[in-house]
Amino acid sequence: MNNDYVRSDQHSDVQRFSEFLAEEFLVQTSGVTRNRAEFLECKAKPRPFKDPSVDDVNIRILSDVALIHRRGKYTVLADGSEKPRTRTCITSVMGPGSASQRA
């Protein structure tokens, strides 16, 4: 699922994101917290990077909530510079019938 997330991000695949993100989805990247609707709106725009990679993935399941922490890096298209590894926290509710259970 994490690889699907990265692939969907790289290709602005909002349709695929909407298939596996729970309605209660939250993500925090670079100090900005977005809910599902804000996240999908952001991802619909052309991505300003290429060659994303993710490592150091830590998934914690706490009852019906999954906390996903990961590090990633990518190349900025505007200037070709490589961004350092960044830490992302994704929160997803995994209750019965939620989008994340259907993935």
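Reading the values: rules and limits
Residues numbered from 1 in each chain as written. Predicted model: local features only at pLDDT ≥ 70, side-chain atom pairs only at ≥ 80, totals over all residues. Heavy atoms only, no water. Phe/Tyr/Trp six-rings, centres within 6.5 Å; stacked < 30°, edge-to-face > 60°. Helix = DSSP H or I, 4+ residues; strand = E, 2+ residues; numbered from the N terminus. Buried < 20%, exposed > 50% of the residue type's maximum accessible area, 1.4 Å probe, protein only. 1 Å grid on protein atoms, 1.4 Å probe; cavity = no way out; pocket = protein on both sides within 12 Å on 5 of 7 lines; lining within 4 Å. Points joined across faces, edges and corners; volume = space filled by probe spheres on them. Nonpolar A, V, L, I, M, F, W, Y, C, P; charged D, E, K, R; others polar.

Enquirer: Describe the packing of aromatic side chains, and please don't skip the residues or the numbers.
Expert: Throughout the structure, instances matching the rule amount to three aromatic pairs. An angle of 50° between the planes, with centres 5.6 Å apart, marks the rings of Phe17 and Phe20 as tilted. Here Phe17 pairs with Phe20, and both are found in helix 2 (residues 14-20), just three residues apart, close to one helical turn. Residue Phe17 is classed as buried on the basis of its relative accessible area of 0%. Overall, Phe20 belongs to the buried group, its relative accessible area being 2%. Three or more aromatic residues link up through ring pairs in this structure, and these residues are Phe17, Phe20, Phe25 and Phe39.

Enquirer: Break down the layout of surface pockets for me, with residues and values.
Expert: Quantified by volume, the largest pocket comes out at close to 530 Å³. Considering the residues around the largest pocket, the lining is formed by 25 residues, among which Asp9, Thr29, Lys43, Phe49 and Tyr74 are closest to the centre. Among the secondary structure elements, those contributing two or more residues to the lining of the largest pocket are helix 1 (2-10), strand 1 (26-29), strand 2 (32-35), helix 3 (36-43), strand 3 (49-62), strand 4 (65-76) and strand 5 (86-93). Of all the elements, strand 4 adds the most residues to the lining of the largest pocket, at six residues. Considering only residue class, the lining of the largest pocket consists of twelve nonpolar, six polar and seven charged.

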